[in-house]
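# Structural features, examined
Here are the chains, one letter per residue:
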Amino acid sequence: MRWPLRWPAISPRLALAAGLVAGFAAIPLFYIALRAAAADPEVWRRLLQARIGYLLGNTLGLAVAVTSGALALGVSMAWLTERTDLPGRGVFRWLLALPLAIPAYIGGIVHLALLRPRGGVIPQLLAELAGRPVAAPSPLGFWGAAFILTLFSYPYVYLLSGAAFRSLHASLEESARTLGRSPWRTLWEVTLPALRPGLTAGALLVALDVLAEYGTVALLRYETFSSAIFVQLAGRYDRSAAAVLSGVLVALAVAILWAELRAQGRARFTQMESGWRPAPPLALGRWRAAGFAVAAAAVFASLLVPVAVLLAWSVAAVTDPAMLAAVVRTGSQGFGGFVWNSLWSSGLAALLAVTLSLPVGLLAARAPGRLARFISRTCQVGYAIPGVVIALSLVLLVNRFLPFLYATPLVVVVAYVLRYMPQATRASESALSQLAPSLEEAARTLGRTALQTLLQVTLPLILPGLLAGGALVFLTSLKELPATLLLRPAGFDTLAVRVWIWAEDGFYMQAAPAALLLVLLSVAPLAFLLRREQGRR
Amino acid sequence: MSLRWSLLAAALCLFVLTGCVAPAAVEPPAAAAALSGNLVIYSGRSEPLIQPVIEAFKARQPEVKVLLKAGSNSQLANALLEERNNPQADLFITTELFTIQALARQGAFQAYRPAGAERLPAEFVPPDNLWVGLTRRARVIMYNTDRVSAADAPKSLLELTDPKWRGQIAAAGSTNGSLQAQVASMRQLLGEPATEAWLRGMLDNKVTFFGSHTDVRKAVGAGEFAIGLVNHYYYHLQRAEGSKVGVVFPDQGEGQMGLLTNATAVGVVNRAPNLAAARAFVDFLISAEGQKLFAELNYEYPLLPGVALRPEVQPLTAVRLAQVDMIQATAAFDATFALLEKVALP
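Residues numbered from 1 in each chain as written. Chains lettered and ligands numbered in written order. Predicted model: local features only at pLDDT ≥ 70, side-chain atom pairs only at ≥ 80, totals over all residues.

Once that is clear, we can look at the overall build of chain A. What chain A contains, in helices and strands, is 22 helices and 0 strands. The globule rule puts the C-alpha radius of gyration for 537 residues at 24 Å, and the 24 Å found for chain A is close to it. Across the 537 residues that make up chain A, the buried fraction comes to 53%. (Helix = DSSP H or I, 4+ residues; strand = E, 2+ residues; numbered from the N terminus. Rg over C-alpha atoms; globule rule 2.2 N^0.38 Å. Buried ≥ 20, exposed ≤ 12 C-beta atoms within 10 Å, placed from the backbone.)

Pasting the structure below:
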């Protein structure tokens, strides 16, 4: 039998498998588009009049504010830890990335309890000291939401720009210096432009996160599309309004995703060829103390405060017998039940997402072209579909077409897969693109079938990359809130849901043990990812 | 390195195995003669307000595994309607009567007349027995006594739009069943234009709308807001935490609408998978023991005569209650949602 020397160029089976995955990934998108288009024009008219402009302004305003804030904080922290002689930068490198383990809504709960006007710990303390109410910054509303979301999403930018700083050619900056640029002008005119693709990617990730965010904005009483859709779903009998709002939100997110994919395309040109060596760290001199203070403040607000407060609350909850009984016996199962639910649903989602991403990655790496690119981009749409929208489409679709799956935890898992498959797809594509096709060709020459080659050669070699993708899906699924809240069957609580149910009713101490555990569980996959990332330098 | 990877891989495999096993646990087991199996309750009462009753029921029926899904009345009502051909829940508990009445008309429930129903007031046991009332609660104004004196506190819901309270009032938002029911009642008592004007007045007055009444009561208790619009037991719960709060039973004056009240209720879902346990739970809810739990733990007005109120709860006998036609209000519930949406209440 003759077979092409390259990997069977476009094996129909592979293309079919990848196409099916892409079709699966695009289901919610098309379903929502259909529902929105089919909605009564009267609903559109009413929403356009009363809601859409307002929500668009709110949502975009928050996205712009948080993205700028995360860029400023993330890049400056990456610069401090990667390019200067900041004291303790080895430790800061870890501490600054760890807030990724803290869901923004948990951070929001903590800062709200501390800073809430009059009721918060700090305003009350100030009032006691001063003998009268003192105005403290409020975490509520636009600025509060922007502050909290910036604090807990800057690590995306930090990690991506940190990697970019590390892979940057030292000679680039040296040439600029030799040509008479000051260090400051070199940073602005050479270094940052060279980082641009990485920065754009990070910024747009943050922006998409803001569009999808439900818990934080609901908690801080700032209305965006996501929270308005949730209210529509939770509070109204008519689902067409939710579908219309979802359609607008998804269109917005797809536009942002499209921009991100273009940025990703350009990012390839930053790959460095041989001769890389690290740039010498810049001596901060008398600015060392200031740099240290800024980095310490970022770690303080985004990591130490939430963890310390959760710890204190947990201790209070565990030592008070009534509260402990409430914590241990809440919901339909004990505490162990929802820890277990969190673990297995996120783990299964990670495994499914990685498995589904394989044909897509194989197609993209072995048969690049229009078809592969189209399929790969279709698999990225999950990024653009917020959890509430995925939940809405699944409720309607599963109940109509797969009633036996309805109200099982599997629907929750499917939501995680749909939402976070892009992370697995990217990881698989990148792992496969780094694998030389010659290895597989050798296996085929030696008589292995395509399947044997895949199982015996390809998979073992790309396993680390796949695990990284899986760890990312696991981490984000663990934190997922809105889709879980809407899709969970009775009695199926996850840690995130538990935290939310307690905190929504103002029972912060009862929420703390679950929140703390959620953070701790997130640290394991995150540490794996960070070690891998930092091992690349 | 490879050890770590293989550990992670092993962990992933473990998750998959459990993932394949766990969904099976959700399937309701075959009905047995004795009470057992899963009892699935959808509750519009928030979890802390229903959990103690579930615990007490479980103490009597240790073989029944109660699975609770708490949410807003309308979210769960939506789920029940969507699940009509594929019923998941056995019971539905609401915090007001309009939702349960609307669902009953759409055939979501099966008739069940619980043991002891004849002792409840007739208005809370409809002739078709598709639902049964559990407890009564009143819409009241609570205030922080550090910020407002009893004399200055508003005496009518309509006074909440007075600009002197601008920015000082907290209330629950439009997803809250009690607020929805209040607006539905006001539409009937005052008419649509007056109700719309009141809602717009609340919005103009910079009322802060929270997701839940617990937030409202805590904020008023802490003095973050001077005034809260809540159900009466939230005032008692906050007072029990030591806060300086007072309460007004509003609209008692001549020509005013009277105190708005509503009732929590329960219905047995049509084709409930675990009918026997569902019926036993309803019986328990209206028994003296169940009613006593609602009254003692949550300061509510039990519907079963003879069950004592908490001493600090003011009896409703001396209060003039608003007269709302339930059937009419239920029929107009859609219009209530449309109104909430029209004024864009958060």
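So, on to the domain arrangement of chain A. Residue and element names in this part refer to chain A. Taken as a whole, chain A is organised into domain 1 (8–33 + 321–537) and domain 2 (39–173 + 196–269). A straight line from the C-alpha centre of domain 1 to that of domain 2 covers 22 Å. Contacts between domain 1 and domain 2 engage 32 residues on the former and 34 residues on the latter. Put simply, the parts of the chain that give the side of domain 1 that touches domain 2 at least two residues each are α1 (12–38), α16 (387–401), α20 (482–487), α21 (495–504) and α22 (508–535). Split by residue class, the side of domain 1 that touches domain 2 holds 24 nonpolar, 4 polar and 4 charged. (Domains from an automatic or database assignment. Contact = placed C-beta atoms within 7 Å. Nonpolar A, V, L, I, M, F, W, Y, C, P; charged D, E, K, R; others polar.)

What follows deals with the environment of A:Arg532. Residues and elements named next belong to chain A. Relative to the elements of secondary structure, Arg532 occurs in helix α22. Take Arg532: there are 15 C-beta atoms within 10 Å of it, and that puts it in the partly exposed class. Residues Arg532 and Tyr156, spaced 376 residues apart in sequence, show a C-alpha to C-alpha distance of 15 Å.

Right, let's get into helix α12 (residues 333–342) of chain B. All names here are of chain B. Along α12, the residues classified as buried are Phe333, Thr336, Phe337, Leu339, Leu340 and Glu341. On its buried face, α12 is in contact with α4 (97–105), α5 (177–190), α6 (192–204) and α11 (326–331). The positive-phi residue at the C-terminal boundary of α12 is Ala344, with phi of around 55°.

Moving on, we come to the interface of chain A and chain B. Often, the extent of an interface is quoted as the loss of accessible area upon association of its parts. On the side of chain B, 46 residues touch chain A, which itself brings 43 residues to the contact. Elements with a contribution of two residues or more to the side of chain A that touches chain B: α2 (41–83), α10 (225–235), α14 (335–366), α16, α17 (409–433), α19 (450–479) and α21 of chain A. For the side of chain A that touches chain B, the element with the highest residue contribution is α14(A), accounting for 6 residues. Here the residues of the side of chain A that touches chain B sort into 24 nonpolar, 11 polar and 8 charged.

On to the domain arrangement of chain B. Residues and elements named next belong to chain B. For chain B, the domain assignment lists domain 1 (37–136 + 262–302) and domain 2 (137–261 + 320–342). The C-alpha centroid of domain 2 is placed 26 Å from the C-alpha centroid of domain 1. In this complex, domain 1 contributes 19 residues to the contact, which on the side of domain 2 involves 16 residues. For the side of domain 1 that touches domain 2, the per-class residue count stands at 5 nonpolar, 11 polar and 3 charged.

All names here are of chain B. Burial of strand β3 (residues 91–94) is two-sided: the residues Leu91 and Ile93 facing one way and the residues Phe92 and Thr94 facing the other way are all buried. Relative to β3, strand β1 (residues 37–43) runs parallel, the two being bridged by 3 bridges. Note on β3: the bridge partner recorded for Tyr42 is Phe92. Direction of pairing for β3 relative to strand β10 (residues 261–269): antiparallel, over a ladder of 4 bridges. (Pairing = 2+ DSSP bridges.)

This part covers the packing of helix α4 (residues 104–115) of chain A against helix α12 (residues 288–319) of chain A. Residues and elements named next belong to chain A. The N-to-C vectors of α4 and α12 enclose an angle of 75°; their axes lie 9 Å apart at closest approach. As far as their axial angle goes, α12 and α4 are roughly perpendicular. Residues Ile106, Gly107, Val110 and Leu114 of α4 pack against Val305, Pro306, Val309 and Leu310 of α12. Taken together, the residues of the contact of α4 with α12 sort by class into 7 nonpolar, 1 polar and no charged. (Axes fitted to C-alpha atoms, helices over the stretch in contact; angles between N-to-C directions. Parallel < 35°, antiparallel > 145°, perpendicular 65-115°, else oblique.)

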